[in-house]
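# Examining the three-dimensional arrangement
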Amino acid sequence: MSMYMLLCNYTEQAVRDMKEMPKRREAAREKAKKLGVEIKAAYLALGVYDLIVHVEARDEETIAKFVLSLAAMGNLRTTTVRCFPEAEFEKIIGGLV
């Protein structure tokens, strides 16, 4: 499974309906499960991003489907970052020529 961080900002729609956030979060978790994406953790953030979500998926196509599904709900704008844990990073470094 590959690791990704979703750097999210709330849309105006999300802010207007902030009290509905628990329902939207559950809907996002259901979408993730159906697509084979595992939500590992989610964090309320202060600064440039409003929410940071750590997810794992088998490939880029799967994470793209998930992110597009979230966008279709109209509450988040996301920037997706592929992350490599230390062991993978060491393997990559070991293959440098």
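What you see is a predicted model, and the numbers here were worked out from it, not measured in a lab. Along each chain, numbering runs from 1 in the same order as the chain's sequence is written. Whole-chain, interface and lining totals are the exception, using all residues; otherwise, since this is a predicted model, local features are given only for residues with pLDDT of at least 70 and side-chain atom pairs are given and counted only at 80 or more. Only heavy atoms go into the side-chain values, all of them from the structure, while hydrogens and water stay out.

### What to know about the state of the cysteines
Formally: By disulfide we mean two sulfur atoms from cysteines, separated by a distance within 2.5 Å. Throughout this description, buried means an accessible area under 20% of the type-specific maximum (1.4 Å probe, protein chains only), exposed means over 50%, and partly exposed covers the range between.
Using the criterion set out here, one finds 0 disulfides in the structure. Looking at the unpaired C8, the closest cysteine sulfur is the one in C83, lying at 13 Å. By relative accessible area, which is 19% here, C83 ends up buried.

### What about the nonpolar core?
Counted only if it meets this: What we call a nonpolar core is a set of buried Ala, Val, Leu, Ile, Met, Phe, Trp, Tyr and Cys residues that are connected through their side-chain atoms within 4.5 Å. Starting at the N terminus, helices and strands are each numbered in turn, a helix being any DSSP run of H or I of at least four residues and a strand any DSSP run of E of at least two. The contact criterion used is simple: two residues touch if any of their non-hydrogen atoms lie within 4.5 Å.
Among the nonpolar cores identified, the biggest contains 19 residues, and L6, V37, V53, V55, I63 and F66 are the most heavily contacted of them. Elements with a minimum of two residues in this core: β1 (2–10), α2 (21–35), β3 (51–57) and α3 (60–72). Among residues more than four places away in sequence, those in contact with L6 are L51, I52, V53, V55, F66, V67, L70, T79 and T80.

### What to know about the sheet that holds β3
Formally: Should DSSP find at least two bridges between two strands, the strands are regarded as paired. Where helices are involved, their axes are fitted lines through C-alpha atoms of the stretch in contact, as for all axes, and angles between N-to-C directions lie from 0 to 180°.
What the 4 strands build is an open sheet, ordered β2-β3-β1-β4; its pairing is antiparallel. In this open sheet, the two strands that pair with only one neighbour each are β2 (38–44) and β4 (76–83). Each neighbouring strand pair of the sheet contributes to a mean axis angle of 20°, computed without reference to strand direction. In this structure, β2 lies alongside β3, joined through 6 bridges in antiparallel fashion. Each bridged residue has a counterpart across the sheet, and for A42 the counterpart in β3 is V53.

### Focus: the pattern of salt bridges
So the rule is basically this: Whenever Lys or Arg places a side-chain nitrogen within 4 Å of a carboxyl oxygen from Asp or Glu, that contact is recorded as a salt bridge.
Scanning the entire structure with this criterion turns up 5 salt bridges. One salt bridge connects K40 with E38, and the closest N-O pair in it is separated by 3.2 Å. For K40, a relative accessible area of 41% gives the class partly exposed. Measuring nitrogen to oxygen at the nearest pair gives 3.3 Å for the salt bridge that ties K65 to E61. Of this pair, K65 and E61 both sit in helix α3, 4 residues apart, roughly one helical turn.

### Structural notes on the environment of G94
As for its placement among the helices and strands, G94 is situated in helix α4 (residues 86–94). G94 sits in the exposed class, given a relative accessible area of 63%. Along the primary structure G94 and K65 are separated by 29 residues, whereas in three dimensions their C-alpha atoms are 32 Å apart.

Bear in mind that shape data such as this cannot, by itself, settle questions of function.
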